[in-house]
Amino acid sequence: VPFDQMDGDIWMNGSFVPWKDAKIHVLTHGLHYASSVFEGERAYGGEVFKLRAHTERLIESGRILGFKVPYSAETLDAATNELLKRQGFVDAYVRPVAWRGSEMMGVSAQNNTINVAIAAWVWPSYFDPEQRMKGIRLDMAEYRRPDPMTAPSRAKAAGLYMICTISKHAAEAKGYADALMLDWRGRVAEATGANIFFVGDGVIHTPDPDCFLNGITRQTVIELARRRGLEVRERAIMPEELSGFSECFICGTAAEVTPVAEIADWRFTPGDITRQLIGDYSNEVQPKRQAAE
Ligand code: PMP
């Protein structure tokens, strides 16, 4: 079934509309000029993990693009919860999106309506589950993450995904699952939709998120690793260093914690630290319900 033909409802600008009717005009500013921001969230056991953090990031991404999301975080969170209930989803992926509408065409569209929609669907695994167990294979991307002075790299903005889709398609065409992107300086940055971690001599290393998303999953994984007493170093990592690491994994809301077996000519073996963090993350995302006594 094509994605736009599924059953169910989508929350759009304050009310629920049938999935197939959640349409926009072809002259939408967001489509032509990428004036669009979005989120990716996951519900586990009926509750979105860190929902408010995602909602606040959506609002902040809009602010960075110069617009105000016209709903409060409370309203958006309530809409998300209501949507999950209506759809009857327990474990699901949630996609909020906010964009400039179609009242004006041109680079400037100061007064265009800001639209917001929230859709949810069942999306069990971002990568092929079999590959995911062994560790996925990444190619090196041709494009680099831009300098923060070149693009608003802290926003989860649709425009920043142009180079991600190009890079992921190029990697897939060569049989890889995804691509590793360097930053404009040539430092290791992230995958096309997830942050990256390495393990060497029992220490965890991950790039400073100074020109890409400081993922909510990334922050959670760092906290979980430190809770275990593991050392986590956030620092500049050059590609030449990759040969010195034994384990590698990527993480993000959709990808969760996914082991990496290869990056171009480098090899990694999913080991104890990756396995422990996969387990810790899957425990952490389950709703913490008060034990009824
Ligand atoms: N980097 C990129 C480019 C992403 O698309 C994502 C997924 N939103 C992440 C990192 C990870 O972010 P999060 O853990 O907040 O989902």
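Described below are features of the structure shown in this document. (Residues numbered from 1 in each chain as written. Predicted model: local features only at pLDDT ≥ 70, side-chain atom pairs only at ≥ 80, totals over all residues. Heavy atoms only, no water.)

1. What about helix 7 (residues 272–284)?
Three- or four-residue spacings in an α-helix give side chains the same orientation, since the helix completes a turn every 3.6 residues.
At step 1: Under the 1.5 Å per step criterion, the end-to-end length of helix 7 is 18 Å for 13 residues, consistent within 8% with the ideal 18 Å.
At step 2: Of all the residues in helix 7, the buried ones are Ile273, Thr274, Leu277, Asp280, Tyr281 and Glu284. Considered in projection along helix 7, the buried side chains sweep an arc of 130 degrees and stay on one side of the axis. Helix 7 presents Asp272, Arg275 and Asn283 as exposed residues on the side facing more than 90 degrees away from its buried surface. (Helix = DSSP H or I, 4+ residues; strand = E, 2+ residues; numbered from the N terminus. Expected span 1.5 Å × (residues − 1). Buried < 20%, exposed > 50% of the residue type's maximum accessible area, 1.4 Å probe, protein only. Arc of directions from axis to C-beta.)

2. Some thoughts on the pairing of strand 14 (residues 247–252)
At step 1: Of all six residues that make up strand 14, six are buried, and the element is covered over most of its length.
At step 2: Of the pairings in the sheet, the one linking strand 11 (residues 195–200) to strand 14 comprises five bridges and is antiparallel in character. Bridge pairing links Phe198 to Cys248 in strand 14.
At step 3: Pairing of strand 14 with strand 15 (residues 256–263) involves four bridges; the strand directions are antiparallel. If you follow Ile250 over to strand 15, its bridge partner there is Thr258. (Pairing = 2+ DSSP bridges.)

3. Considering the packing of helix 2 (residues 51–64) against helix 3 (residues 73–87)
At step 1: Close contact between helix 2 and helix 3 brings their axes to 10 Å; oriented N to C, the two are set at 125 degrees. In terms of orientation, helix 2 lies oblique with respect to helix 3. In this structure, helix 2 meets helix 3 at a crossing whose hand is right-handed. Contacts between helix 2 and helix 3 pair Leu51, Arg52, Thr55, Leu58 and Ile59 from the former with Ala73, Glu74, Leu76, Asp77, Thr80 and Asn81 from the latter.
At step 2: Along the lines of polarity and charge, the residues of the contact of helix 2 with helix 3 split into five nonpolar, three polar and three charged. (Axes fitted to C-alpha atoms, helices over the stretch in contact; angles between N-to-C directions. Parallel < 35°, antiparallel > 145°, perpendicular 65-115°, else oblique. Left-handed = near helix turned anticlockwise from the far one by under 90°. Contact = heavy atoms within 4.5 Å. Nonpolar A, V, L, I, M, F, W, Y, C, P; charged D, E, K, R; others polar.)

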